[in-house]
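# Per-entry structural report
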Amino acid sequence: MLTIVRPKTPEQFDAVRALCWEYRDFLVSLGGRDAEVVLYAYPQDKFERLMQSLEAQHAPPDGGIRLALVNGSAVGCGMSQRIGYQTAEIKRVFVRDIARGTGAGRALMEALIADCRALGFKRILMDTGSALTAAQKLYQSLGFVPRGPYSALPKSILDGLVFFEMNLEAEC
């Protein structure tokens, strides 16, 4: 059975951290632009610091974390964070191979969108790797629309990313 929870215990936060590392490793393993983007945005030491402060960086009212469980086992995660006035960013949405096709990705995204709406955000921004076409299709099916970059990034990695936006006011 699939459930989406807000992590509360040290074990659940450790599961989220493990999933985040697995996601980073997966993206690096793709090589090429995908690896270049991840290593630019999240070099090892920076990612370690992020994982140490995960709970604080994504705590309400400025964000949240969701964990997907199948029969009690952690299989996916995602998080949001404030990046501007009434603007949230969804980050690190990842589902392990064993849970793909279970609806875990869609359920995580729906929970994160609902969390952003409940926290009073008016829009959500996010990006994903250009090679992750299934993720792109999911985001568009949920109402995200493609857009340009929303932060300053080197031109060399822009081809490796696809950017999305969702207007929450239009969704109500």
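Keep in mind that this is a model prediction, so the values were computed, not measured.

## Considerations on the packing of helix H1 (residues 10–29) against helix H3 (residues 44–52)
Two numbers describe how H1 lies on H3: the axes approach to 10 Å, and their chain directions differ by 155°. Compared by their axis directions, H1 and H3 come out roughly antiparallel. Handedness of the H1/H3 crossing: right-handed. Each of Arg17, Cys20, Trp21 and Arg24 in H1 lies in contact with H3, whose residues at this interface are Gln44, Phe47, Glu48, Met51 and Gln52.

## Observations regarding the sheet that holds strand S5 (residues 123–129)
Taken together, the seven strands give an open sheet; going across it, the order is S1-S2-S3-S4-S5-S7-S6, and neighbouring strands pair in mixed fashion. Only two strands of the sheet have a single partner each, and these edge strands are strand S1 (2–5) and strand S6 (145–147). Within the sheet, the average angular offset between the axes of one strand and its neighbour, ignoring direction, is 30°. Two strands pair when backbone bridges link them, and strand S2 (residues 63–70) and strand S3 (residues 73–84) are joined in this way by eight bridges, in the antiparallel orientation. Residue Gly63 lies in a different strand from S3, and its bridge partner there is Gln81.

Thresholds applied
Residues numbered from 1 in each chain as written. Predicted model: local features only at pLDDT ≥ 70, side-chain atom pairs only at ≥ 80, totals over all residues. Heavy atoms only, no water. Axes fitted to C-alpha atoms, helices over the stretch in contact; angles between N-to-C directions. Helix = DSSP H or I, 4+ residues; strand = E, 2+ residues; numbered from the N terminus. Parallel < 35°, antiparallel > 145°, perpendicular 65-115°, else oblique. Left-handed = near helix turned anticlockwise from the far one by under 90°. Contact = heavy atoms within 4.5 Å. Pairing = 2+ DSSP bridges.

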